[in-house]
Every structure is written in structure tokens, then in C-alpha cells.
Amino acid sequence: MAQKIRHREQLLMAAGRNEAERRYWSAQFAGFSYPASFPGDGASQGDNLSPAACEEFEILPQLARKLETLARSSPHALHVILTAGVALLLHVYGGKREIEVGTPLYRQEDAGDMVNGILPLRVPAPPGATFKELLLQVRRLVQEGTAHVNYPLEVLIEELDVSTIAGPAGLFDVAVSVAEIHDKDDIVSRASPSMHWNFSCGNNGLRGAVEYDGDLYRRESVLRIAGHFCHVLGQAAADVEARIDAIGLLPAHEKEALARHLNHPLPELEEPLAVNRRFELQVLRTPQAIAVKMGADRLTYEELNIRSNRLAHRLLRRGVRRGDIVGLAMRRSVEMAVGIMGILKSGAAYLPLEPSWPVRRMGSVLDDADVSLVVVDDDTLSGLRISSLMGRKSRSAHPVKTAIRSQITDLDSLPATNRALVDYEAYGRFIGQAMVKHSVTLQATRGCPYKCAYCHRIWPRRHVFRSAEHIFGEVDLYYKMGVRRFSFVDDIFNLNRQNSRRFFQLVIDAGMNEDIRFFFPNGMRGDILTEEDIDLMVEAGTVNLAIALETASPRLQTLIGKELDLEALRRNIHYFCTRHPQVILELFTIHGFPGETEAEALATLEFVKSLKWIHFPYVFVLKIYPNTPMYELAIEQGVSPRAIEESTQLAFHELPDTLPFPRSFTIKYQADFLNTYFLDRERLLHVLPLQMRVLTEDELVQKYDSYLPAKIESLRGLLEFAGIADDDLPALECVAEATVCPEGFNEKLFRRFPIAKSEPDALRVLLLDLSQFFSDRPGDMLYDVVEPPLGLMQ
């Protein structure tokens, strides 16, 4: 997943540099909704097809000579004719007036490092158009498209808001290439269309090959389509002035066969019999015959009957009744046959579900069909995000609401947190809050007195806090065990400024500030600080502070209930950047509030740009969740409930439909932030040496790797990417890994918090919080923001 995010950042950078090309492609695909395609056959059957298949066909010499005459021996002109022929066939099949076809760039045009190696052509076919006009349109589009190849097509799809396949293939489903002038692999590797026509004009004459998706088309269907292509193109080549709407699809022999079929009397129908009943009669006749076969796997009628009976009984025990609809999400296999027959035997109807469907589509289908149960196999289950389907309509779900627990108001009465069950020595490099690893986390407060639209229903309204002496006592406990890095998980630590000042003064008076380091990564309220507060925090050992801005619009500040003093916040951030530049300052901004205007969004970006030396500013795209104040605010601003529901299934980097402005604006906004601020070389030369004094190399690399469009694996790789030579920076090294995890820490914890041995047969319960993982694949997290366990309370 991290690789995908880096690739997207590269695309954003390319998009930001090619505004004229963006306008061209946006105009070409204005109003686009879905690409032209040939009708498919559904899932293939039998063993003779693989998902990727190819059928060759010959273009008869008489037609080939006509095409060569039109092309005048030019392979480029021949490519235009053949592409127009495929576009014509798509028009005759589907009647579309805008026909989408993909093609690779010409070899001689693709020598450089271009963003796109393929061209999506959208060929107009208005009423009354002739084949000659179609040829001229294709030639024009190839020439213009080649001149605009540096705008990323994947970004174009986002701007068009096309809910099709991600990537360039979303703009076309059929591609055309000529072997002499194209590298057909450009199409296969970059787009993978469901049908690819590849032609060659060698010594054996003009030949064609159709590479196609065997899951969508059968061999006989592809050969029939190829025959129709030759027939349609033959008519057009014989008279280029022929109107495309007058060109017929079927050759004479197919017309005759169709007429005979339509005039043939219908056979007498047998008495209706349910499919499962017919199957059981066949079991009695041929129990040992092969009923279903898929590759090396096969089942006899008797085996299929036994296994489907078992499934039917399981479904009945689960409450399935006659007339219910049961989902079936399986890939093609003998297990699918067991699933179909088992569902039918239970008296239910089965609803086929494609396992590769997007989550939103899967959930929408399940809701619309009122499906209460889904049958899956192990392979499908391993790749299905079950958690993303939770919350769908379900007749078996009975929510239980527990009583509200009263707020704990006396935090000083709680004992020290028991961390003895956390193996810090083994997992120190994974345990961390935000950017910092090998640390002990502290919580100093609970509750928030503000009524902002984010969390006032999550936090209690009453703000309670541990006394400075109580917090210092816990810090002192772990300081004596060798810990020097502490991070605070609460983002409102400084609301009681008198108490927080007293805590920092206790640290200074104890002499700990010489080597202790405090991290505040969760977003302090920065407008209520004073210069004296900031000086005291830094003197006590603060090396990292995150400040929440959200928006620089006073109107939106009032709307969301935050009411920040923006000028005071700006002054304090400026003071940090100039007086204490060694403090790694983070700034949280949110993009896409309900009702936010483009001008208000740009005001937030300008606020960031006005403060040049912020170490790590963020642009978070707002995600809205149901049953929250932000949801209510969005509904009031006209955002649809469906758009909100669908946005909850998106990854954090994907753009939701809840944005109050076009996606193209957000994409340009993100690119502007990245190119003109974060990657500014002067800024990097200023902040990098300061960051290297606080963070380990692993922490620093991980931080930048989450921002940049290239894979960053080391400090050397980071400097090379930024174009920073060794002479540009002083000879600094990052914090050494060995200095941040105290030796023997686990043993010291065990002595402080003795653990009684449990009985051998005692029940062991492991609680895991996976809510902040971006992927279910180990090691595939873009950026580790998992909060560490606080331990058991004794």
C-alpha cells in the first residue's frame, strides 16, 4: 500500500506541472461515464480457457489490399484505419456516439521518460458521420494525444469522478496496436483492457490477433466478433464516404442462420421442475459420473449431492428459510457448485457476488437484496474485508446499549500504570506514539470543555487532570529505570496552564531536563500559549509539539465550534520557529469541511506558507462519520447521507464525494502544498539538521517516506532525493538507536510490578486494537501511528 501512495504522490507532482494538458484531457473526456465495450459472455466454463487468452484471425487478401491502398504503405496510417475500424465496430455493436479506444504511443515518440505510455482516444461518432470523417477524427486524436502525454491519466480519472476500474483502463476497455510501430506490452502493463486487438503486416499479409479476458469472453464469441470486424471494415473500406449508421453488422450467412432460427417452431416444454430436483434425479441415474470439473478438481454427482446436502442443513440451522436470498462470494471452483446447489436445496435463492468487487459495491448489493447471510470459501474470505461490510442491514443483529459509565474525576487516586506485560525490549521499535519509538506514554488529562464538532460527544465535557506532582511521580519512576523519552497521548495537556507550568518546573528543579525529551504529538491548543509558556516547555525538555489549526477561516472556526484565535496562534508558531527552531513542530490542517469555499481552503494553505519553517505540516482530507456532530453539520450543508456512508469505506488518502469543491481543486491543492512548500530545498536544508538531533534514522526516514513520492529507505536516500549534497549539511548523525531503549527495562518493570503466575489451564485473553492499521498485511503500513498499550491498571 505504501508503494501505491508514493506512486500517487508522483502523479500529483506531474499533474501540477502540466496545467495545459489537464485542460486538454478534461475537455476530451467531459461527460464521460463508461467506456465502449463488446458484450461479454460472463464467467467462462470448462478447462480450455485461461483468464488471459488469444485468438488469431486472417484478414482476407482482397480486404488487405484495400487497406494497404488507403494507408499508402504507411504503418502509421494503417494504424489509424484499423483503430477507426475497431471504433466503428464498437459503434455498430452498442450505438455509442463517443467511442473510447486505447492505443500505445508510437515507438519513436516514446523514447523519453513520459508519464503515460498509452493514449486514450475518445472518437466522436455523431449522426450522419461517414467512415472518412471517423478516420480523420482518429488521426487528429492520435496527434493531439501524443502532444499531451505528460498529464497522468490516473489523476484525470479522479478529476472526472469516474467510478470504474482504477488506472488508465478506466478510460477504455478496448485497445488497438500495430506490431511494427507499437510495443503492445505498454497496453498490457499499464492498462490491461478486456480486449486488445494487435495487428501485424509482415510477409504473410495482414493478420490480426485478439487478446482477451477469458473470464468475460468465450473463444467462439471472440472469433465471431473478429469476423464482424472484417465484414464491417470491408464495407467501410469499399466506400469511405458511407455513413457509419448504414453499415451492417451481420454477413449474409449469419443473417440466413438467424432467420432459420427465428422461424423454427418451439419445442414443447416439459413440466416445470426445480433445478435441485432435476439434479437429484440425475444423481439417481448416474451417481458416479462427473458432475463438475475445474482443472484437476472434480466431483461426481453423488459427491456433489452429499456435500451440498451438508451445506443446506448448515444454512437451515443458521435460520435460512424458503424464499430468503443467500449471497455466494466464490471464485470459479468446484466449491462454487457445492455452494449453488446447497443454497437451492435449502429453499433459498442464491445471489452471485464477485469477490473482486469494490467494498462499496458489495455492500450496496447486499443492502438492496436484503441478504442476511453470505457463503464464502477460504480463498475469498482471506481477501475479503469483513469489517468493511459490518453495519450492513442484518435481520440477525440485535444491538445492546449499555449504561453510561460515570467519568473518573480523581485521576490522582489511580495507581501507577502497570506496564510489566508489555515487552518493551522486544517490541520497542514498534511501540510508539506518532513519530517517536522507544518511549513511555503518559496521559495527563481527560475530558474537554470545548464543544467543537469533532469530539465533544466522545470526551466528557468536564475537563479533569492529574496534578503536576502526580504526573511528575510517574515520570520520575521511569526516569530512574533509564527512560529518557516520554510522549503524552492526550491533546489537551495545556488547557490547565498553571498545572502544566508547575509540572515543567518540577522537571527542571530535579535536573532531569538535561537529558529528558518530551513529545506532544496529538495536537495542543496553540493559541492560548504565551512566550513564557513556550520557553518553559522547551527548557523542561520538549522536543516535539503538534498544534491543531484545522482551518484558517474565521467563519469555519465558528461553524465547527473551535473558535481559535488565529493571530495568536500564528504568533506562537512563529515564535517556536524563530526562537526554538530545534523543536519539531507539526501543524494539523483539515481540508474539505462542509460548506468550505475554495477561497477558505486557500487561506489555510497560505497560513501554512506564511510560516516557512514548520517541520511537518499536514493536509488531512476530512472524513465524516454517521452519528457525529460533523455528520449533522454536513447534512445541514447539503451533503447527501449516501456520500457520507460511502466515504467511510475509503482509505485515508482517497478523495470522498463529500468534498464541497471539485476533486480537481483538491488535487491541485495537494500538489501545490507538496511542491512549493514541503519540498522547498531551502526549507529542507534548515529543518533537516534540527530533526536529525531529535529522531533516530528509522524515525526520520519513516516520517519522510510517508510524505514523498519515492521510496525512502535511509538517510542517504532521503538526501539524494532532496538533491542535498554532503557539503550542503554539517556532519550530523541522527540519534543513535541504542541510546533510546534502556537496557534491562523489562526486568526493572517486573520488579516494580510483580506478576503472579497463573494456573496452567487459566483462560488467557489477548486484546488487540487494530483500528489504526492501514492494511491487514504485515509490514504494509504507510506510517506507524499505532498508540502503545498503556498497561494494566492495578
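As shown above, the structure is provided for reference.
Residues numbered from 1 in each chain as written. Predicted model: local features only at pLDDT ≥ 70, side-chain atom pairs only at ≥ 80, totals over all residues. Heavy atoms only, no water.

*Asks:* Sorry if this is basic, but what is going on with the overall build of the chain here?
*Replies:* A count of helices and strands for the chain gives 29 helices and 23 strands. Each of the 794 residues in the chain was classed as buried or not, and the buried ones make up 49%. Taken as a whole, the chain presents about 39,700 Å² of accessible surface, with 52% of it coming from carbon and sulfur. (Helix = DSSP H or I, 4+ residues; strand = E, 2+ residues; numbered from the N terminus. Buried < 20%, exposed > 50% of the residue type's maximum accessible area, 1.4 Å probe, protein only. Areas by Shrake-Rupley, 256 points an atom, 1.4 Å probe, with all protein chains shown as cover.)

*Asks:* Would you mind showing me how to read the packing of aromatic side chains here?
*Replies:* One pair of aromatic rings is described through two measures. These are the centre distance and the angle between the planes. Tallying each qualifying case throughout the model produces 30 aromatic pairs. On the basis of an interplanar angle of 80° and a centroid distance of 6.0 Å, the ring pair of phenylalanine 488 and phenylalanine 503 is categorised as edge-to-face. You can see phenylalanine 488 sitting in strand E18 (residues 485-488) and its partner phenylalanine 503 sitting in helix H18 (residues 497-509), a full 15 residues away along the chain. For phenylalanine 503, a relative accessible area of 0% puts it in the buried group. Put simply, the rings of Phe38, Phe57, Tyr93, Trp197, Phe199 and Phe229 pair up and form one aromatic cluster. The ring of tyrosine 479 is capped by arginine 484, whose NZ or CZ atom sits 3.7 Å from the centre of that ring. Here the basic side chain of lysine 703 rests over the ring of phenylalanine 616, its NZ or CZ set 5.1 Å away from the ring centre. (Phe/Tyr/Trp six-rings, centres within 6.5 Å; stacked < 30°, edge-to-face > 60°. Lys NZ or Arg CZ within 6 Å of the ring centre and 35° of its normal.)

*Asks:* Sorry if this is basic, but what is going on with the pairing of strand E5 (residues 195-202) here?
*Replies:* For a regular strand, side chains alternate in direction, first toward one face of the sheet and then toward the other. Both strand E4 (residues 174-178) and E5 contribute to a ladder of 5 bridges, which runs parallel. The residue bridging valine 174 from the neighbouring strand is methionine 195, located in E5. Here 8 bridges tie E5 to strand E6 (residues 205-213), and the two strands are oriented antiparallel to one another. If you follow asparagine 198 over to E6, its bridge partner there is alanine 209. Where E5 folds back on E6, the antiparallel hairpin that results is connected by 2 residues. (Pairing = 2+ DSSP bridges.)

*Asks:* Looking at this structure, how should I read a nonpolar patch on the surface?
*Replies:* A grouping of Leu421, Phe750 and Ile755 is seen on the molecular surface, where their side chains present a nonpolar patch of about 300 Å² in accessible area. With respect to the helices and strands, the residue leucine 421 is situated in the loop between strand E12 (417-418) and helix H16 (424-427). With relative accessibility at 56%, the residue leucine 421 sits in the exposed group. (Patch = residues over 30% accessible without salt bridge, like charges linked within 9 Å, V, L, I, M, F, W, Y side chains within 5 Å. Salt bridge = Lys/Arg side-chain N within 4 Å of Asp/Glu carboxyl O.)

*Asks:* Got a minute to help me understand the packing of helix H3 (residues 61-71) against helix H4 (residues 75-94) in this structure?
*Replies:* For any two helices packed against each other, the geometry comes down to the angle between their axes and how far apart the axes lie. It is at 8 Å that the axes of H3 and H4 come closest, and there the two elements cross at 120°. With respect to their mutual orientation, H3 and H4 come out oblique. The chirality of how H3 crosses H4 is right-handed. Of the residues in H4, those touching H3 at Leu67, Leu70 and Ala71 are Ala77, Leu78, Ile81 and Leu82. Taken together, the residues of the contact of H3 with H4 break down into 7 nonpolar, no polar and no charged. (Axes fitted to C-alpha atoms, helices over the stretch in contact; angles between N-to-C directions. Parallel < 35°, antiparallel > 145°, perpendicular 65-115°, else oblique. Left-handed = near helix turned anticlockwise from the far one by under 90°. Contact = heavy atoms within 4.5 Å. Nonpolar A, V, L, I, M, F, W, Y, C, P; charged D, E, K, R; others polar.)

*Asks:* Help me understand the sheet that holds strand E9 (residues 325-329) in this model?
*Replies:* In any sheet, the strands associate via hydrogen bonds between backbone groups, in a parallel or an antiparallel arrangement. Reading across the sheet, the 3 strands line up as E10-E9-E11 and stay open at both edges, with parallel pairing between neighbours. A single partner strand is all that each edge strand has here, and the edge strands are strand E10 (349-353) and strand E11 (373-376). Each strand axis lies, on average, 30° off the axis of its neighbour in the sheet, ignoring direction. Where E9 and E10 come together, 5 bridges link them in parallel fashion. Opposite isoleucine 325, over in E10, you have alanine 349 as the bridge partner. Against the sheet, helix H12 (residues 334-345) makes contact with E9, E10 and E11, and its axis sits at roughly 175° relative to E9, the strand it touches most.

*Asks:* What should I look at first to understand the sheet that holds E18 in this one?
*Replies:* Spatial strand order, E15-E18-E19-E20-E21-E22: 6 strands in an open sheet with parallel pairing. Two strands close off the open sheet at either side, each with one partner strand: strand E15 (440-442) and strand E22 (616-621). The mean inter-strand angle of the sheet, taken between neighbouring strand axes irrespective of direction, is 20°. Judged from the 4 bridges that link them, strand E19 (residues 517-524) and strand E20 (residues 542-550) form a sheet pairing that is parallel. Paired with methionine 524 across the strands is isoleucine 547, a residue of E20.

*Asks:* I tried to follow the pairing of E19 on my own but got confused; where do I start?
*Replies:* Taking burial as the measure, the 8 residues of E19 include 6 buried ones, the bulk of the element. Read as a crossover between parallel neighbours, the route from E19 over helix H19 (residues 531-540) to E20 is right-handed. (Right-handed = clockwise from strand over helix to strand, strands pointing away.)

*Asks:* It is not clear to me how the nonpolar core should be interpreted in this structure. Could you clarify?
*Replies:* In globular proteins that are soluble, nonpolar side chains generally tend to be buried together. In terms of nonpolar packing, the biggest core is built from 165 residues, with Trp197, Phe229, Tyr478, Phe503, Ile573 and Tyr704 touching the most fellow members. A total of 10 residues in this core trace back to one element, the largest contributor, which is H4. Core analysis: the second largest hydrophobic core is formed by 12 residues, Leu556, Ile560, Phe593 and Ile644 among them. (Core = buried A, V, L, I, M, F, W, Y, C linked by side-chain atoms within 4.5 Å.)

*Asks:* Would you mind going over unusual backbone geometry with me for this structure?
*Replies:* Note: most residues except glycine have negative phi, and most peptide bonds are trans. For glutamate 550, which is not glycine, the phi dihedral falls at a positive 65°. Relative to the helices and strands, glutamate 550 is located in strand E20. The phi dihedral of glutamate 563 falls on the positive side, at around 55°, and the residue is not glycine.

*Asks:* Is there a simple way to think about the side chain of histidine 91 in this case?
*Replies:* Following the sequence through the fold, histidine 91 ends up in helix H4. We classify histidine 91 as buried; its relative accessible area is 5%. Look past the residues within four positions of histidine 91 in its chain and what remains in contact with it is Lys96, Arg97, Ile99, Ala125, Ile244 and Asp245.

*Asks:* Would you mind showing me how to read the pattern of salt bridges here?
*Replies:* Side chains carrying opposite charge are able to pair once their charged atoms draw close together. Taken as a whole and judged by the stated rule, the model has 25 salt bridges. Note that glutamate 600 is salt-bridged to arginine 555, the shortest N-O span being 2.8 Å. Of this pair, glutamate 600 sits in helix H22 (residues 598-609) while arginine 555 sits in helix H20 (residues 554-559), placing them 45 residues apart in sequence. Its relative accessible area of 11% is what places glutamate 600 among the buried residues.

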